[in-house]
Amino acid sequence: MRRVYVAGVGMIPFRRPSQSLPYQLMGAQAARAALADAGIDYPLVQQAYAGYVYGDSTCGQAALYGLGTTGIPIVNVNNNCATGSSALWLARQAVASGVADCVLVVGFEEMTPGALGMAFPDRGSPLARGDAARALLQDDSGVPFAHAYFGGAGAEYARRHGTRPETFAAIAVKARRHAAANPNSVFRDPITVEEVLASPAVYGPLTRLQCCPPTSGAAAAVLCSGDFATAHGLPTTITIRAQSLVTDLPGTFDDGTDMMRLVGYDMTRRAAAEVYQASGVDPADIPVVELHDCFTANELISYDALDLTPEGTAEKLVADADNTYGGRVVVNPSGGLLAKGHPLGATGLAQIAELAWQLRGTAGPRQVEGARLGLAHNIGLGGTCVVTLLERAQ
């Protein structure tokens, strides 16, 4: 398998749905930005992968045809909230295996206001097994399904480890503080723990300010081989050191399961372990992480699942400020999904863009000093988890 380089990244500022551009324009803009960052033109791209959740078939073609109709394979990807990173996983495999030398991957989402819902309520839900298992564990009383899933997971973690509501709220405060330095983020105004706790209750430990907003946006990346980079003068600063995609495991939906499993805790542990084993990297040596904080509860349980802290000690990580600048690891310097926003198909690639800027040393006021390794974590119910480790060349 060949080494795969991240030659270029791009994203557009994320927006509220009321300010959204059409998905075709957003996807094309992010793709052009990634190509410009790499320093190549679209005709050199040999394959493309396009990720989105809410859209008809071949939306990827509609977006990329804005760059030209070159006849290349364009593959459309939908893996719920892990869509962008799933598209990246496919693109990496194409380059690593030698099938292609230069691949463009783009993710976009044109979202509508309000909580997530099913696009096709007239047929069986892909979450049916999870919903059946969840019904035995909680009464959601009409709460939007994602809020019930992740709120329930946070409540389960708090029950096991005695986590205080203030700890969950502090994660939302951190997200806004980080996002203040990111012009691509939707929410950049500061908030306090008191304001977070006083916002309307949602489910379990979650309040409204602990839930990511529906967002529109797009992000993209250009991957290439070393030979292609040399031939075309592309940068080889950043490589994908290791990557893993994991789906639900045996026991996820069995009797005796719990809400943490149902939101991907076990998938995250497996994917992270595979990445650490394949790379030989100790998680303690990773200084910057972009993880899937769709809700504060998921950021908290992901600290444990990614082995950023010993199991059950996430509250101490937060209390000691070891999840931000000046601490052991800077988590979501971009502001994360909570503040930057969460356009489903774009999120995984926006994480890669942020980490690429961090590893290049070009993240400006968000810069994590000396960052050589960066970890991305992206999950989707139904379920998929992708963990990607980026490395800066020595």
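Structural data are supplied above this passage.
Residues numbered from 1 in each chain as written. Predicted model: local features only at pLDDT ≥ 70, side-chain atom pairs only at ≥ 80, totals over all residues. Heavy atoms only, no water.

K.L.:
Give a detailed account of the overall build of the protein, specifying residues and quantitative values.
P.N.:
A tally of helices and strands in the protein yields 14 helices and twelve strands. For the protein, whose C-alpha radius of gyration is 20 Å, the value lies close to the compact-globule estimate of 21 Å for 394 residues. Each of the 394 residues in the protein was classed as buried or not, and the buried ones make up 59%. When contacts within the protein are restricted to residue pairs at least 6 apart in sequence, long-range pairs at least 24 apart make up 78% of them. (Helix = DSSP H or I, 4+ residues; strand = E, 2+ residues; numbered from the N terminus. Rg over C-alpha atoms; globule rule 2.2 N^0.38 Å. Buried < 20%, exposed > 50% of the residue type's maximum accessible area, 1.4 Å probe, protein only. Contact = heavy atoms within 4.5 Å.)

K.L.:
So what's going on with the packing of aromatic side chains? Which residues, and what values?
P.N.:
Here the structure, examined in full by the defined rule, presents three aromatic pairs. Both rings, one in Tyr52 and one in Phe108, keep their centres 5.4 Å apart while their planes meet at 10°; by these two values the pair is stacked. Taken together, the residues Tyr52 in the loop between strand E2 (47–51) and helix H2 (59–64) and Phe108 in strand E4 (residues 102–109) connect sequence positions 56 residues apart. In this structure Tyr52 comes out as buried when scored by relative accessible area, which is 6%. Between Phe150 and Phe295 the ring centres are 5.2 Å apart and the planes differ by 25°, which places this aromatic pair in the stacked class. (Phe/Tyr/Trp six-rings, centres within 6.5 Å; stacked < 30°, edge-to-face > 60°.)

K.L.:
Provide a residue-level description of the packing of helix H6 (residues 165–179) against helix H11 (residues 296–305), including the pertinent values.
P.N.:
At a minimum axis distance of 9 Å, the contact between H6 and H11 shows a crossing angle of 100°. Compared by their axis directions, H6 and H11 come out roughly perpendicular. Residues Thr167, Phe168, Ile171, Ala172 and Lys174 of H6 touch H11, and the partners they reach there are Thr296, Ala297, Glu299, Leu300 and Tyr303. Its residues assigned to classes, the contact of H6 with H11 comprises six nonpolar, two polar and two charged. (Axes fitted to C-alpha atoms, helices over the stretch in contact; angles between N-to-C directions. Parallel < 35°, antiparallel > 145°, perpendicular 65-115°, else oblique. Nonpolar A, V, L, I, M, F, W, Y, C, P; charged D, E, K, R; others polar.)

K.L.:
Before we move on, could you go through the packing of helix H4 (residues 128–135) against helix H5 (residues 145–161) and cite the residues and values that matter?
P.N.:
At a closest axis distance of 12 Å, the pairing of H4 and H5 adopts a crossing angle of 55°. The angle between the axes of H4 and H5 places the two elements in the oblique class. For the pair H4 and H5, the sense of crossing is left-handed. Residue-level inspection shows Gly130, Asp131 and Arg134 of H4 in contact with H5, the latter providing Phe145, Ala148 and Tyr149. Tallied by class, residues from the contact of H4 with H5 come to three nonpolar, one polar and two charged. (Left-handed = near helix turned anticlockwise from the far one by under 90°.)

K.L.:
Mind laying out the environment of Arg328, listing which residues take part and the relevant values?
P.N.:
Residue placement: Arg328 occurs in the loop between helix H12 (314–319) and strand E10 (330–331). Under the relative-accessibility criterion, Arg328 is labelled partly exposed at 30%. Expressed as a C-alpha distance, the spacing of Arg328 and Thr309, which sit 19 residues apart in the sequence, is 10.0 Å. Aside from chain neighbours lying at most four places away, what touches Arg328 is Pro283, Ala284, Ile286, Pro287, Leu308 and Asp322. Looking at Arg328, its side chain comes within polar contact range of the main-chain oxygen of Ala284, at 3.1 Å. (Polar contact = N/O pair within 3.5 Å; in protein donor to acceptor, adjacent residues only side chain to side chain.)

K.L.:
Lay out unusual backbone geometry with the relevant residues and their values.
P.N.:
Following Gly382, the chain continues into Gly383 via a peptide bond in cis, with omega recorded as -5°. Structurally, the position occupied by Gly383 is in the loop between strand E11 (373–380) and strand E12 (384–392). Even without glycine at this site, Asn80 takes up a positive phi of about 50°. Looking at the secondary structure, you find Asn80 in the loop between strand E3 (74–77) and helix H3 (83–96). Residue class for Asn80 comes out partly exposed when judged on its relative accessible area of 27%. With phi around 65°, Asp307 is a residue other than glycine that occupies positive phi space. Relative to the helices and strands, Asp307 is located in the loop between H11 and H12. Assessed through its relative accessible area of 41%, Asp307 is described here as partly exposed.

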